[in-house]
Each structure stands twice: as C-alpha cells, then as structure tokens.
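Notes for the structure review
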Amino acid sequence: MNSAAFLVRLVSALPLLATLRSYRLAWLGKDSIAGLSACIVSIPSVIAYAELVHLPPIAGVYAALAAAIGYALFSSSRHVIAGPDAAIGLLAGSAILPLSGGDPARIVALAAALGMLSGIVLLLAAALKLGVIADLLSRPVLIGYLNGASLVLVATQLGKMFGIKTEGEEFFQVVFTVFGKLAETQVPTFVLGALLVGLLIALARWLPRIPGALAVCAVAIAATLVFDLGEHGIALVGEVPSGVPQLSFPALRWADVAALAPAAVAIAFLAFSDGILLAQTFAEKNGYEVQPNRELVALGSANLLAAVWQGFPVSASQSRTSVVDSAGGRTQVAQLILALGLLVFLFFLTDLIALLPKVALGAILIVTAIGMLEVASLKRLYKIDRVEFGIAVGVTLVILVAGVVPGIILGLLLSLTMVLVGISRPDDAVLRIRRSDAKFHDCRADEEETDTVPGLLVYRLYAPLIFANARHVVTRIRELVAAADPPVKWLVIDAQAIHDMDVTAAQRFAELDRELAENGIELKIADAPRPLLEQLARVGLSEEMGRRDFFVSVKKALEAFHQQFPASTAESGTGRSGA
C-alpha cells in the first residue's frame, strides 16, 4: 500500500484527522470558548457521577478526560461531548456493588472491566453494522427506565443528605433504612444539603444560564473555607491525587465477565440510543449528517479508553453538548480543548476537591434525578396508549423492586416483544371500490359509499410476509374467503406493502394457492415490489403460479377479471372488511 492510500484510509478511520486538515483558524476562538465552558461545567457533575459507581470523585475526571479523547477521534458528530452520565453511572454502580464485597480496589477493577465490556459490545455492534439497534429501545421502555432510575438515584443520595450510613442500592431497603434512622440525622449536614438543593432549583428556575452544579460546588467550598465545615461534623471529600493515572488494562475474570455481561449490553443500548439521538438532533440543527456506525465506534472507543484510565462506563452528555453548541462550537476541536482543560485541572487544581462537602455531591445528584423524571411523558402515554403506559410503569416498578439492571433488561425484552407482536399480527384490509373515483381503497366502516365486485376479493397486507405472521395471514385469508357471498372466484393479493417473503411464508403461500385451486379459486398478485418478485422467483412460486397470475396493479387485475367473467358488475354497499 502506497503512502497516499494509507493516508486516505487513516483519514477515513479517524474523522478528526479530516477535520484538522480542513480546519480554519477562524473557528479556533469559538471552539476554545466552547470547550473551556463545557470543561468548567462538567467537572462538578462528573465528580458527582463517580459517586454513583462507588468510586473516588477524581475517577469522574479520569473518565471524562478519556471519553473526550476517545470520542473526539472517531465521532462523525461535530458537537456531541462524551463523558460520565447519571443514568449510565447508576446502572454501572448497581451492577458493580453486589460483586465487589465492599472492597474499594475491587470496585475500581470491576468499574474498569464493565467499561471495557461495554466498549467491546459497542465496537462489535459497529463491526456488524448494527447501528439500527438504537431503535430497539422503545420510548415507553425508556420513559419507564428514566423514572425508575431517577427514583433510585434520589434514594441512594438520601444517606448523604441526612448524614446517615446506608447499605446497598435497593430502593425500598434504602428508603426504609433512612426513615428508620431519622433520629440519627446529622443536622448541619442536612441543613447544608437542603440549602444547596434549594440553590440548584432556584438557579434552574430563575438563572438557567448559570451552571448550577458549578455554583453549588463553589458555594460549598467557600463555606468550608469560611466556616470550617469539617469541624461541624460535615463529611468532606478529602485529599485526592493530582496528575493522570497510568494506563492499565483491567484484569478480567470469566466469572466477572459473565456477571457483568447483562449490564454491559444494557449500557451499550442506553449509551448508543441516547448518543445517536443527541448526535442527530445537533446535526440537523447545524446542517450536517452523522453516521450511526461511526458513532458506535466513537462511543466504544470512549468506553475502552475510560476503562484503561481507571474510569467507568461513559455515554454522550446532553448538557455539555448543549453548552458547546450554545457557545458556538464548530468541530470536535472543542472537545480536545475540554480535555486540555481537564488535564490542567488534574495537575494543578485537584486540591479544591478535597474541600468539597460530600453532601454537595448528593444535592447535585438529587436535582439531576429530578430533572430526569419523565412525568409529563408518562401522562401523554396514558392518554395515547394505555398498553404502552402500562409497559412504562411496569419497567419502573421492576427497577424499584428488583434493581436497575433487571429493569433495563426487562425493558429491552419488552421492546423486542412489542416488535414481534406487531409483526405477527399485522394490519390488513379488504379493498373496496370508492364511488367518488372508481378505484380500490381501504375504506373504513360508514366512511363513504363503496362498491364490491361479486366473485372478486382484493386483500391487502400492510407488512412483509414472514414466518412470524404467515400462519395468521393465511388463516385470515381463509376466513375472508369462507365468509364471502357470493363465493370468491378470484383472490387478488395487493402486494405493494409486502417487500419480503421468507421460506416459511413461501411454503404456506404455496399451500394456500393449491388449496384455493382445488376449490376453483384463482390466486392473483398485483402491484408486487421488485424484492418480492425476486424472492418468489427464488423459491419457485413465480413459475408455479405462472405469468398470467401477476398484474402491475389492482386495476389491471380487475380488467382481466371482467374479461374472464363479463357478467360480473359492481354491487353497492358501504362498510369495511379489514383489520
């Protein structure tokens, strides 16, 4: 391979190189402002999110730095910022804690292992061109997950707010523990926590342009310096190391891999579904396109780098991405500036974290959880579809009772089940002639005046014909033919929506053709798309049925029917046959 070809492949593999080759110095000012703004806003949040994974606060900065570099190298999005996320952190923490036995060193290893596995799942999905997997997480399931995760997140922070020691992350266990120990409340801690929560809510309500988490951390650190909060029994974060950690690969045990695999898959689903939605939203707003598979690679790389840099699973961040966009960021150079800012913080400013009260982190997480609640979306679901409302509530209840990982796994299974049910019981219709234009239409009951043609049944299926629905569709056709009066002479399948037919469905379709022929009924196909015609030819049905059984439209089939049965004329009627 010559150098030019190698350079082309390298640029294709690393979109950031293409960005740098065409980069304009005029963009550097806004990219720098955007990156530094996102850096300043992100530090308090990522420190808090590390608490969700039961890691030292500084691990949040490690994960943010690694994610920024890993994502910027491979992303096709110009604006999305990767890093620790509350929902992902809670999911990771709930998977890690039961396996750790409370050992801090084991938690660090498990967090890195989970990040590694999540990155591998994302990269495998990219290699298999599975960018569409994001669509498998339905909106009701996501609403249920976010509501359940929000409530669990609030519960896990109650101990910090009241200065009470709690164990585990089961929602009801933590709530009952806190209520049972209210008499042990550390009053100064509770008062400070309540004031900080109030400050966060007030800033979000009246001064939304001020980063709430940053303001709260600044106020809390200032209070520590002025009032010596540690002397009043308020727990502080304490000393944290400066500099960057050494890169190291987590030691994976097979038992750990098996235990963490469900959580890794769930994290990959959540990270990509949120990430691609965020990338597409900002791409549309700024007039460019993103590549779903490239985003899978970017998120996978971000997670792998976070794993070897003593971090934990990461995702795309809506708040930091919004900061970059509002500050006028143009390219992923803004994310590199953010990474540079984090490096400066790690080398020179980590002493500030030592003065931060832990209750401040709890306050940030509680307000974050409140912002994650999807109450309005749940109300809309209730009005639109009670079944999907029930699914959302069910996922929330499972998370509260059984935990975050079982809840999201159940949600994924429910999403897949909903897809299968929809495919196995597809919509269909018996077409009738609308008098206003003398054409066949799917007309609903009492909608308008229609006519039928005696002896002709025109059936339309609104789905591909595959193994999951073949039995149902064939049974449905048999019922329609048996109920027809006068008896059916021709059955015309309007196939415009049938773009696929697998081997199982083809076999059942052939059996139906022979069965109808034995009863003197001819089966015809109209308006078949090219993929269906090719599949029919491959399985031999085209040859078996013959060319005269295919028509370019239902209208042409009707003309042929009238030529064969001249006495047939349209009969009046209103109504609908179809489901």
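One can find the structure itself at the top, above this paragraph.
Residues numbered from 1 in each chain as written. Predicted model: local features only at pLDDT ≥ 70, side-chain atom pairs only at ≥ 80, totals over all residues. Heavy atoms only, no water.

Looking now at the overall build of the chain. Counting its regular elements, the chain contains 24 helices and 12 strands. Across its three principal directions, the C-alpha atoms of the chain cover 100 × 70 × 50 Å. Counting all 579 residues of the chain, 51% fall into the buried class. If you take every contact in the chain between residues at least 6 apart in sequence, the share linking residues at least 24 apart comes to 81%. If you sum the accessible surface of the chain, you get close to 27,000 Å²; carbon and sulfur atoms cover 62% of it. Both charge centroids of the chain, one from 44 positive and one from 48 negative side chains, sit 5 Å from each other. (Helix = DSSP H or I, 4+ residues; strand = E, 2+ residues; numbered from the N terminus. Buried < 20%, exposed > 50% of the residue type's maximum accessible area, 1.4 Å probe, protein only. Contact = heavy atoms within 4.5 Å. Areas by Shrake-Rupley, 256 points an atom, 1.4 Å probe, with all protein chains shown as cover. Lys, Arg positive; Asp, Glu negative; His and termini not counted. Charge placed at Lys NZ, Arg CZ, Asp CG, Glu CD.)

Time to look at the nonpolar core. Generally speaking, soluble globular proteins have nonpolar side chains that are buried together. Leu91, Leu114 and Tyr145 are the most contacted members of the largest nonpolar core, which totals 132 residues. Among the elements that make up this core, the one with the highest residue count is helix α11 (residues 254-286) (15 residues). If you look at the next biggest cluster of nonpolar residues, it comprises 31 residues, including Leu457, Leu480, Leu512 and Ile521. (Core = buried A, V, L, I, M, F, W, Y, C linked by side-chain atoms within 4.5 Å.)

Once that is clear, we can look at the packing of aromatic side chains. Evaluated as defined, the whole model comprises nine aromatic pairs. Considering the side-chain rings of Phe172 and Phe176, the 6.3 Å spacing of their centres and the 35 degrees angle between planes classify their relative orientation as tilted. Of the two residues, Phe172 and Phe176 both sit in helix α8 (residues 171-180), four residues apart, roughly one turn of that helix. In this structure Phe172 comes out as partly exposed when scored by relative accessible area, which is 38%. Between Trp490 and Phe551, the ring centres sit 6.1 Å apart and the planes meet at 35 degrees, which makes this aromatic pair tilted. Here Trp490 is found in strand β8 (residues 490-494), whereas its partner Phe551 is found in strand β10 (residues 550-551), with 61 residues between them in sequence. Looking at Trp490, the relative accessible area reads 2%, which means it is buried. (Phe/Tyr/Trp six-rings, centres within 6.5 Å; stacked < 30°, edge-to-face > 60°.)

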